[in-house]
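# Chains, contacts and geometry: an overview
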Amino acid sequence: MHKNKRILFAVVLVLNALPYSFAQDKSITLTNLRCEMLVNPLGIDVTNPRLSWEIHSKERAVIQEAYHIIVSSSLANLTSDKGDLWDSGKTLSGKSVHVDYGGVPLESRTTCFWKIKVWTNKGMSGWSEPVYWTVGLFNYDWRAKWIGLDRSFPWDDADNQFSRLSARYFRKEFPAKKEVKRATAYIVGLGLYELYVNGKRIGDQVLAPSPTDYTHSVKYNTFDITTEIKQGNNVIAAVLGNGRYFAMRQAYKPHKIHTFGFPKMLLQAELEYTDGSRELIISDGTWKVTADGPIRTNNEYDGEEYDATMEIPGWNKTGFNDSAWLTTELVEEPGGKVQAQMNEHMKVMETIAPVSIKELTPGTYIMDLGQNMVGWIRMQVKGKSGTRVTLRFAETLRADGALYMDNLRDAKVTDVYTLKGGDQETWEPSFVYHGFRYVEITGYPGKPLLQNFEGRVVYDALQTVGSFKTSNATLNKIYQNAYWGIRGNYKGMPLDCPQRNERQPWLGDRSTGAYGESFIFANAKLYAKWLDDIEESQTAEGRIPDVAPNFWFYYKDNMTWGGAYLMIADMLYKQYGDLRPIKRHYPSMKQWLVYMEAKYMDNYLIAKDSYGDWCVPPESQELIHSKDPARKTDGEVIATAYYYYMLQLMQNFAALLDKPKDAAEYAALALKIRDAFNKKFFDPETLQYSNNTVTASILPLRFGIVEESMREKVFANIVEKIMVENKGHISTGVIGTQWLMRTLTEYGRADIAYRIASNQDYPSWGYMAKQGATTIWELWNGDTANPAMNSHNHVMLLGDLIVWMYEDLAGIKTDPSHPGFEQLVMKPSVAGGLDFVEASYHSIQGLIKSHWRKEGRSFSWMLTIPTNTKATVYMPALAVNNITESGKNVSSASGVRFLRKEGDFVVLEVGSGDYAFKTQ
Ligand code: BGC
């Protein structure tokens, strides 16, 4: 009976394993076929998705000339070239990224099988292997009802700041009356859910769905459950945790969102029988529910308590007697639009082994993971029923070896496991994560051994797309620390930090950070989602919050944090060639700027600012924020310069969206601001801006406010500040650091940038590493500052460091006039003490590599440039005759064209392929 089902399953398996595929034609192959840039696009609710692919060839200088895409509703149709959904025909176009689906309007539930072939200047490919995406449920196709229980239970602690509820267990038994051809489950489980069918956990996602402001949108997830559903009786079951939905945890300040309500669920399972008939299993008032299961309590900040003696054997399987359970109630909807989650799920992305366990006092053990990580502990334990093992988490230790908890504020970060007794038990929590390196273990029966514990590293399943290594160990360590910090803080939104009672998606922390991060992680979908979060939080007047989703309800009206909205849209265009976010958010961006101008602009200056150059190195080691006016930058300088910069971005956006009138208006306003800024802040006698901090100079310089004739002088002020006053050290905070490394390099002082990056004394990233940091700190003086605000895993102080590492040190950069790496500019910065850089970046066009090495006077450079792109390559060389490629004079190398000599570089145009350049 299951024959068809098995075939479909086999197809599904093959297809799921299929991001990489082969075409018949030997020389040109196609891989990484993607719909909406997602590796696994299941249940997307976009009516006009975009398709992308990568072309591979051993030949050099390969350019796509045409493509042919077929999209079919069945694999059989696709195999016989029947594009019943879309047949693009041979389309003359070089586009291989974000090609709009142009077929029949897509309907809910459609599986879209697709393949492609391309024509290039070097020949034609065969058909790619097939891949697919599935369409989710458009709104009018939801029949399910929101269910839950809008109350707490006697064992819950429900109405104060530390409130946590027990998890709620839902089940529904139903018959599948006939042979099942296909079964799909759509679920929104708020705050967080785990889904089961017939006792089997569905999917490898954790802490799903991605958090949103649930009054604006809620995200549903789609799962293919065909293989799980059998003819006869079945059970669909789910556990709901509190997540950010029941969020009393935020009740410590009046303006924060205290809670959205009690956990609730919307679930629709659709069975398609082999005879073509269909049946829906929906959440409604007939489900059974209990809150009296093993997860006694849970929240993100305080931890999870699991009592294994309360487990309910068989609860998620057929035949369980649920008569003692309660019946679900139909509850109020959260209010938000039900949308497919288009960003990646969180998953357990890595498992690491602890490095030591020491007994601190009798029965109290301190375990060291060797790495500040985000996730949880999986534990094995054997002992008597009712034994309680308690785990507490911290980033650092006190001098006496105990956990240092002061910088976590009042987050309790405590997981408790109660043993059921008998055989060895393995446990890991479901609805919590911690930011920690050290774990305190108490109550463990016997002696806890290293092999009883594992660190489960949890973050959004974004592909790692970059690698970066140099001859300098400090730089490598900083990169490593950044890598751990960035990934740990991806939680369906970019968090500020993962450990204390905060964990909020602060806009300003990522405005440039997101750009650097894009070289390490494929973060396009996550940040596109975040822009939607920001837009959803915009008020009717146009205000943008400082935290979005706006769980904290913070509307401080400042240019710098709000500016992330535009800067990240710009990043998505630059790095991924994705214009949709700009198009989608342009009206709200415009409205925000109009609001800020009307409310705060006075004679073309904006004095309103909230955070200044947040977290500059302070004058004394215990301070969080400097009180020294000489170290701080005037908020009016920052806000006005940023408004000006926003207008530059808007001019560009307006041009891209073909709105010349808007562009002209932005340009005109920008000119006036520029004049006002220079008049107010530039002193024609000292030739300095404001109080001459690095930030006060770098913003106008970088944004193009400084008169051309003054640029060198202003730059000289920056150099003097850094080299003389700060003895080669950083003096900037979150704002100035975003522009520092690139500006130094652009103005010819890459050596200073290198010096700052490789410093190991205070203040520097290297100093953090030298003090044992394995992530990036919130404060330059994170080892000594007051714990009131001192996280050891914040990424905001990275500024533009990662951008600089890839774009300047490795020389991997998109040509700004051909965004999304459609063309590259490769100009490595070889100043400073580096002997080599080895970097790679898997862009949406394909893999880019840059490995360079300096040896005496020779410079060798191995390059990989993806097919269907080309690069302007800056080779440090005196003359073109000095350059060889694969051992031969470069003039005879295929794929290479001499363009010009420019300063210390010979500029070449290089087509796709692998190259080995060398100069003597
Ligand atoms: C957060 C920061 C944030 C800042 C702004 C801090 O508490 O952790 O990352 O940007 O506040 O005020």
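Conventions used here
Residues numbered from 1 in each chain as written. Predicted model: local features only at pLDDT ≥ 70, side-chain atom pairs only at ≥ 80, totals over all residues. Heavy atoms only, no water. Near = heavy atom within 4 Å. Polar contact = N/O pair within 3.5 Å; in protein donor to acceptor, adjacent residues only side chain to side chain. Areas by Shrake-Rupley, 256 points an atom, 1.4 Å probe, with all protein chains shown as cover. Nonpolar A, V, L, I, M, F, W, Y, C, P; charged D, E, K, R; others polar. pLDDT = per-residue confidence, 0-100. Contact = heavy atoms within 4.5 Å. Buried < 20%, exposed > 50% of the residue type's maximum accessible area, 1.4 Å probe, protein only. Helix = DSSP H or I, 4+ residues; strand = E, 2+ residues; numbered from the N terminus. Pairing = 2+ DSSP bridges. Phe/Tyr/Trp six-rings, centres within 6.5 Å; stacked < 30°, edge-to-face > 60°. Lys NZ or Arg CZ within 6 Å of the ring centre and 35° of its normal. Salt bridge = Lys/Arg side-chain N within 4 Å of Asp/Glu carboxyl O. Expected span 1.5 Å × (residues − 1). Bend = angle between axes of the 7 residues up to and from the residue. Domains from an automatic or database assignment. Buried area = accessible area lost by both parts, 1.4 Å probe. Axes fitted to C-alpha atoms, helices over the stretch in contact; angles between N-to-C directions. Parallel < 35°, antiparallel > 145°, perpendicular 65-115°, else oblique. Left-handed = near helix turned anticlockwise from the far one by under 90°.

### Some points on the site of the ligand
Taken together, Asp496, Arg500, Glu502, Trp506, Asp509, Trp561, Tyr611, Trp614, Glu778, His794 and Met796 make up the full set of residues adjacent to the ligand. Arginine 500 is positioned such that a nitrogen or oxygen atom in its side chain is 2.8 Å from an oxygen atom of the ligand. Interatomic distance of 2.8 Å between a side-chain N/O atom of glutamate 502 and an oxygen atom of the ligand. In the complex, the protein chains occlude 93% of the 310 Å² of accessible area that the ligand would expose alone. Partitioning the shell around the ligand into residue classes produces five nonpolar, one polar and five charged.

### Section: the confidence of the model for the protein
When pLDDT is averaged across the protein, the result is 95; 97% of the residues are at 70 or more. Low pLDDT, under 50, characterises residues 1-24; the stretch is placed with 49 contacts to residues that sit more than four places away or in other chains.

### Structural notes on the pairing of strand β33 (residues 434-442)
In terms of residue burial, β33 counts as a mostly covered element, since eight of its nine residues are buried. Sheet topology places strand β27 (residues 364-381) next to β33; eight bridges connect them, and they run antiparallel. Its bridge partner lying in β33, isoleucine 366 is registered against glutamate 440. In terms of strand pairing, strand β28 (residues 388-394) meets β33 through five bridges, oriented antiparallel. By the bridge assignment, leucine 391 is partnered in β33 with isoleucine 441.

### Let's talk about the sheet that holds strand β1 (residues 28-35)
Across the sheet, which stays open at both edges, the three strands sit in the order β1-β2-β6 with antiparallel pairing between neighbours. Sheet topology places β1 and β6 (99-100) at the edges, where each strand pairs with a single neighbour. Across six bridges, β1 lies against strand β2 (residues 50-57) in antiparallel orientation. Bridge pairing in β2 links isoleucine 28 to serine 57.

### Describing the packing of aromatic side chains
Applying the stated criterion across every chain yields a total of 62 aromatic pairs. Taking 5.7 Å as the distance between ring centres and 75° as the angle between the ring planes, the aromatic pair formed by tyrosine 196 and tryptophan 315 counts as edge-to-face. Remark: tryptophan 315 occurs in the loop between β21 (303-307) and β22 (326-327) and tyrosine 196 occurs in strand β13 (residues 192-197); sequence separation between them is 119 residues. For the residue pair tyrosine 196 and tryptophan 315, the accessibility class agrees, reading buried in each case. The residue whose ring lies beneath arginine 487 is tryptophan 484, and the NZ or CZ to ring-centre distance is 4.0 Å. The side chain of lysine 827 reaches across the aromatic face of tyrosine 874, ending 4.8 Å from its centre.

### Some words on the pattern of salt bridges
Close approach of charged atoms allows side chains with opposite charge to pair. Under the counting rule described, the total for this entry stands at 54 salt bridges. Three or more residues joined by partner-sharing salt bridges are found here, namely Glu36, Arg50, Asp100, Lys525, Asp578 and Arg580.

### With respect to helix α8 (residues 580-600)
Under the 1.5 Å per step criterion, the end-to-end length of α8 is 30 Å for 21 residues, consistent within 8% with the ideal 30 Å. The largest bend in α8 is about 50°, located at tyrosine 586, with the proline proline 587 one to four residues further on. Buried within α8 we find Pro581, Ile582, His585, Tyr586, Ser588, Met589, Trp592, Leu593, Tyr595, Met596 and Tyr600.

### Quick look at the domain arrangement of the protein
Note: interface size is frequently given as the accessible area lost on complex formation between the parts. On domain assignment, one finds that the protein holds domain 1 (34-134), domain 2 (139-300 + 314-343), domain 3 (351-460), domain 4 (466-809) and domain 5 (823-919). A C-alpha centroid distance of 33 Å is found between domain 1 and domain 5. Each side of the interface is counted separately: domain 1 has 15 residues, and domain 5 has 18 residues. Where domain 1 abuts domain 5, roughly 1,100 Å² becomes buried across the two surfaces, and 44% of that area is made up of carbon and sulfur atoms. Three residues, Glu54, Arg60 and Val97, lead the burial of domain 1 against domain 5; their summed loss comes to 50% of the area buried on that side. In this structure, the salt-bridge partner of glutamate 885 is arginine 60, at a minimum N-O distance of 2.9 Å. On the surface where domain 1 and domain 5 come into contact, there are twelve residue pairs in polar contact (both at pLDDT 80 or more).

### Regarding the packing of helix α3 (residues 473-488) against helix α16 (residues 801-810)
Two elements in contact, α3 and α16, have axes whose closest approach is 11 Å; the angle formed by their N-to-C orientations is 125°. Taken together, the axes of α3 and α16 are oblique relative to one another. Crossing handedness for the pair α3 and α16: left-handed. Along its contact with α3, which presents Leu475, Ile478, Tyr479 and Ala482, the element α16 presents Leu801, Ile802, Met805, Tyr806 and Leu809. For the contact of α3 with α16, the per-class residue count stands at nine nonpolar, no polar and no charged.

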